[in-house]
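Per-entry structural report
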Amino acid sequence: MADDKITFISELQTTNSSVQQGMTRVLGFAGSSKYPQGIRKAITCLIGVVKRDGAKKSSSYCVEARRNGYDSMTRLLRNIQPILFEELDHSLFQDILRSFLEGLEDYSVDERGDVGSWIRIACIKGLSGISQLILASQYGRKYEWISMDLYTQIWAGILKQGAERLDNVRAEVGKQIVQLLGLIESLPPADSVWIPEGFQLLKTLFMTEIEVGDGWNESNWLFPRIVQLLQVEAYREHLVRGIIISIGSRNESTNRPASTALTHYLLERQNTAPEERIIEKVLKILLDIAQNNSASNIVVLPILSTFNELIDGGLATEAASSPEGLELLCDLLNFVGVRVERLKNVQRINLSMRITVQLLAVTEVFETAKACLSSFLCHAFPKVREETGEFLYFVLQSQEVPGGDAIEPILLETDWAGPEYASSAQSVIKVLEN
């Protein structure tokens, strides 16, 4: 039997995608508490299947095989639950958990769409199910199997998925979160170490009368709740990353509730708990992610959309009232308004322009924003110049900008796609300087 498994596993590495799918599913039945032989080999093989190349984020296994690999690992651990602590060592077990955490970041896309979501759902189920196996056990040294750091990463990773754009992914998160909360609430006092960060807040927000998971796929129900977890530092960055994806979505039924909830909560929290400086902390997370991924439009575009929504909601004025917030706004303008001519993506240029123009209305950063404006009014792309003129006019109608009344006629009379745009741009900047 052991030799057959070795042959089976070696063949898995060389077969086509259809056979990979079947083999990875079969490996989920490769052992049980009565027949534990070969379980370690099966799990090691499955970890190899789901693991992607770190640099390329690619894999020689098809997405269905990787999804089945995660499902099979969860099934194997459930099948050997009575002897889990005897047959596995905690090092291999933590390798399993880390592979599931990596799976939460699988955003593979093909002609069928976001097929990575199949893997993320399998990982959400797996991390929740495996955690419940350990927490419900009578084993006295659980911390050797799930370190506190890994445990917090599991909660943060699952919650991030709960803040993202896909309804079916969020619904699965809702089911698993409620199951975990229910189990933890029933643990004896000796296991109080497994009470997660923000436990009482999580219960208040999500253990409601609504049937398990149902509310999570409703954006208007979910986002006003999940943004409140931003006050929990352990989850903050993960949640911000998830909310960015929702705000950057083209689906208005998701992006609008997400941006509105985030803006309202940050302003409210800044008012009720000013010592937290929650606005500055969230803005810093956004800017850090953008700066660290400046070459990736996939990452930067939804972040710029998020900044635009927050600035439009009044957060820039609030942030400018503190030295830290003011420095962040200046750094943001340096990110979006410097070396604009090197950018080729028109959507990124326009989002950067909108941030710059809106910040003209914030007195504390007016000079910095003004210095960036000519890069857009004189841009080589006529469409960028036109949209800058139009958006600047729009902002002047609703915001107080120094020299605004004198600028409006220039904006209306200029053909920004024509040859005279440079002199008009100089006139706008001159009025702003006076």
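The sections below set out a description of the structure shown in this document. Bear in mind the structure is a predicted one, so any value in this text is a computation, not a measurement.

The next thing to look at is the environment of Q20. Tracing the sequence through the fold places Q20 in helix α2 (residues 17–26). Assessed through its relative accessible area of 5%, Q20 is described here as buried. On a C-alpha basis, the gap between Q20 and C62 in space is 7.7 Å, while along the polypeptide they are 42 residues apart.

Glancing now at the packing of helix α21 (residues 404–413) against helix α22 (residues 421–433). For the pair α21 and α22, the least separation of the axes is 9 Å and the interaxial angle reads 175°. As summarised for this structure, α21 and α22 are arranged roughly antiparallel, according to the angle between their axes. From α21, A406, I407, I410 and L411 reach across to α22, where they touch S424, S427, V428, V431 and L432. In the contact of α21 with α22, the residues fall into seven nonpolar, two polar and no charged.

As a further point, take the side chain of S305. Looking at the secondary structure, you find S305 in helix α15 (residues 297–312). For S305, the contacting residues outside a window of four places in its chain are I247 and L351.

Helix length check: α22 (13 residues) gives 18 Å between terminal C-alpha atoms against 18 Å at 1.5 Å per residue, within 8%. Of all the residues in α22, the buried ones are S424, A425, V428, I429 and L432. Across the axial projection of α22, the buried residues extend over an arc of 135°, all falling on one side. Along α22, the residues that are exposed and aim more than 90 degrees away from the buried face are Q426, K430 and E433.

What follows is about the side chain of S259. Note on placement: S259 falls in helix α13 (residues 252–272). Among all residues touching S259, those that are not within four sequence positions of it are I247 and E309.

In this structure, R277 takes a positive phi of about 50° despite not being glycine. If you check the backbone angles, R339 has positive phi at about 55° while not being a glycine. Along the chain, the position of R339 falls in the loop between α17 (323–337) and α18 (346–359). Residue class for R339 comes out partly exposed when judged on its relative accessible area of 47%.

Let us look at the packing of helix α6 (residues 90–103) against helix α7 (residues 116–136). The geometry of a pair of packed helices is captured by two quantities: the angle between their axes and the separation between those axes. Between α6 and α7, whose axes approach to 8 Å, the crossing angle comes to 145°. The crossing of α6 and α7 is left-handed. Of α7, the residues touching α6 (which contributes F93, I96, L97, F100, L101 and G103) are I119, R120, A122, C123, G126, L127, I130 and I134. Of the residues belonging to the contact of α6 with α7, the class tally is eleven nonpolar, two polar and one charged.

The biggest cluster of nonpolar side chains holds 141 residues, and the ones touching the most others in it are I43, L77, L229, L266 and L359. Excluding residues that lie within four positions of it along the chain, I43 makes contacts with M73, L76, L77, L88, L92 and I96.

Attention now goes to the packing of aromatic side chains. For the coordinates displayed, the defined rule picks out seven aromatic pairs. Judged by centre distance (5.0 Å) and plane angle (90°), the rings of F85 and W145 are edge-to-face. Here W145 lies in the loop between α7 and α8 (148–162) and F85 lies in helix α5 (residues 84–87), a separation of 60 residues in the sequence. When its relative accessible area of 22% is taken as the criterion, F85 is described as partly exposed. Each member of the aromatic cluster is reached from another via a ring pair, and the members are F85, F93 and W145. Its guanidinium or amino end placed over the ring of Y421, R385 lies 3.7 Å from that ring's centre, counting from NZ or CZ.

With twelve residues, helix α19 (residues 366–377) should reach 16 Å at 1.5 Å per residue; the first-to-last C-alpha distance of 16 Å fits that figure. All of the buried residues along α19 are F366, A369, K370, C372, L373, F376 and L377. Tucked into the core, α19 has its buried residues touching α17, α18, α20 (382–398) and α22.

Now for the pattern of salt bridges. Two side chains carrying opposite charge are able to pair once their charged atoms lie near each other. For the structure on display, the rule yields 20 salt bridges. K383 serves as the salt-bridge partner of E387, at 3.2 Å between the closest nitrogen and oxygen. Taken together, the residues span about one helical turn, with E387 and K383 both in helix α20 at a distance of four residues. The network of salt bridges with shared partners includes E64, D110 and R112.

About the thresholds
- Residues numbered from 1 in each chain as written.
- Predicted model: local features only at pLDDT ≥ 70, side-chain atom pairs only at ≥ 80, totals over all residues.
- Heavy atoms only, no water.
- Helix = DSSP H or I, 4+ residues; strand = E, 2+ residues; numbered from the N terminus.
- Buried < 20%, exposed > 50% of the residue type's maximum accessible area, 1.4 Å probe, protein only.
- Axes fitted to C-alpha atoms, helices over the stretch in contact; angles between N-to-C directions.
- Parallel < 35°, antiparallel > 145°, perpendicular 65-115°, else oblique.
- Contact = heavy atoms within 4.5 Å.
- Nonpolar A, V, L, I, M, F, W, Y, C, P; charged D, E, K, R; others polar.
- Expected span 1.5 Å × (residues − 1).
- Arc of directions from axis to C-beta.
- Left-handed = near helix turned anticlockwise from the far one by under 90°.
- Core = buried A, V, L, I, M, F, W, Y, C linked by side-chain atoms within 4.5 Å.
- Phe/Tyr/Trp six-rings, centres within 6.5 Å; stacked < 30°, edge-to-face > 60°.
- Lys NZ or Arg CZ within 6 Å of the ring centre and 35° of its normal.
- Salt bridge = Lys/Arg side-chain N within 4 Å of Asp/Glu carboxyl O.

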